[in-house]
Amino acid sequence: MADNFDGSGQRELASGGSWSPGFQARFDQLEREFLLTWKAWEEWKNLFSCSPERSGFIHRSAWFFFNRVHDALLYSTVMALGRLLDPEQQGKNQNLSLERLMMDIPDQGLQIQLEAIRSKARESEGPIREFRDKRAAHFERAVLEGPIILRGFAVNDVDLCMRKVHEFFNLLHFQEAPSSWRDGPGYASGDSGELITKLL
């Protein structure tokens, strides 16, 4: 389904006007990254976190292949969440992240709401980020050989972090006029309690 845009090609805001072209491009890029990450995580859960019976079948039928799939989906999820929640700048490098996106919003009240959501996402990402920094992104020797033991993280940790990032994007979508909401399998309209952004 095609996006519903106004004549300028920009999505209309409920308050009038539209997002700036630069903001909309960054918004769309980050949101697509998130949706692909969400989809990968749901696939991981469907394969590896559903039932002991399925896990047993996978282990017996093609252990090496599914072990590689397990790690690939898990590591890509961890790395993508980290990129979305990275600071806007690290050293001399600038990151395209949720924090960077917020800097382009002139509405200070909306910025405060978004920062509250982003902060909660960062809190829930704590053990996930530790795994990302010390194992997924780098083979830290102290972790591989001891004495450092990673805390690990649970499925619920990732789910909570995903929900907060999802909430971040939904809040931005609810600034838009309903006529600019995308329809089709990716999106659904509703009141402020309903998730607009769905899976791809």
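Everything numeric here is computed off the predicted structure, so don't read it as measured data. (Residues numbered from 1 in each chain as written. Predicted model: local features only at pLDDT ≥ 70, side-chain atom pairs only at ≥ 80, totals over all residues. Heavy atoms only, no water.)

1. Here we look at the overall build of the protein
Working step 1: Per the secondary structure count, the protein includes seven helices and two strands.
Working step 2: When the helices and strands of the protein are placed in sequence order, the string is α-α-β-β-α-α-α-α-α.
Working step 3: For the protein, with 200 residues in total, the buried portion stands at 38%. (Helix = DSSP H or I, 4+ residues; strand = E, 2+ residues; numbered from the N terminus. Buried < 20%, exposed > 50% of the residue type's maximum accessible area, 1.4 Å probe, protein only.)

2. Brief notes about the confidence of the model for the protein
Working step 1: When pLDDT is averaged along the protein, the result is 75, and 72% of the positions lie at 70 or above.
Working step 2: Below pLDDT 50 for its whole length, residues 1–8 participates in 12 contacts with residues either more than four positions away or in separate chains.
Working step 3: Counting interchain partners and residues more than four positions distant, the pLDDT-below-50 stretch residues 183–200 has 48 contacts. (pLDDT = per-residue confidence, 0-100. Contact = heavy atoms within 4.5 Å.)

3. Observations concerning the packing of aromatic side chains
Working step 1: Under the counting rule described, the total for this entry stands at 11 aromatic pairs.
Working step 2: Summarising the aromatic geometry, the rings of Trp41 and Trp44 are spaced 4.9 Å apart at their centres and angled 5 degrees between planes, so their arrangement reads as stacked. Taken together, the positions of Trp41 and Trp44, both in helix 1 (residues 21–48) and three residues apart, correspond to about one turn of that helix.
Working step 3: Judged by its relative accessible area of 2%, Trp41 is buried.
Working step 4: Measuring from centroid to centroid gives 5.8 Å for Phe168 and Phe169, while their planes differ by 80 degrees, and the two rings are edge-to-face.
Working step 5: The exposure class assigned to Phe168 is buried, which follows from its relative accessible area of 1%.
Working step 6: Given a relative accessible area of 0%, Phe169 falls into the buried group.
Working step 7: Every member of this aromatic cluster is reached through a ring pair, and the members are Trp19, Phe23, Phe27, Phe34, Trp38, Phe168 and Phe169. (Phe/Tyr/Trp six-rings, centres within 6.5 Å; stacked < 30°, edge-to-face > 60°.)

4. Quick look at the side chain of Arg118
Working step 1: Relative to the elements of secondary structure, Arg118 occurs in helix 4 (residues 108–124).
Working step 2: Residues contacting Arg118, with those up to four places away along its chain left out, are Leu85, Leu98, Glu99, Met102 and Phe168.

5. Remarks on the pattern of salt bridges
Working step 1: Under the criterion given, the structure shown has nine salt bridges.
Working step 2: Of the charged contacts in the structure, one is a salt bridge between Lys39 and Glu43, with a shortest N-O distance of 3.6 Å. One end of the pair is Lys39 and the other is Glu43, both in helix 1 and four residues apart, which spans about a single turn.
Working step 3: Residue class for Glu43 comes out partly exposed when judged on its relative accessible area of 33%.
Working step 4: A salt bridge links Lys45 to Asp159; its shortest N-O distance comes to 2.9 Å. Separated by 114 residues along the polypeptide, Lys45 in helix 1 and Asp159 in helix 7 (residues 155–173) bring together distant segments of the chain.
Working step 5: Several salt bridges share partner residues, and in doing so they unite Arg26, Arg100 and Asp104 into one network. (Salt bridge = Lys/Arg side-chain N within 4 Å of Asp/Glu carboxyl O.)

6. Some details on the nonpolar core
Working step 1: With 36 residues, the main nonpolar core has Leu114, Val165, Phe168, Phe169 and Leu172 as its most contacted residues.
Working step 2: Among the secondary structure elements, those contributing two or more residues to this core are helix 1, helix 2 (52–85), helix 3 (98–102), helix 4 and helix 7.
Working step 3: At nine residues, the largest contribution of residues to this core is made by helix 1.
Working step 4: Sequence-distant contacts of Leu114, that is, excluding residues within four places in its chain, are made with Met102, Ile105, Phe168, Leu171 and Leu172. (Core = buried A, V, L, I, M, F, W, Y, C linked by side-chain atoms within 4.5 Å.)

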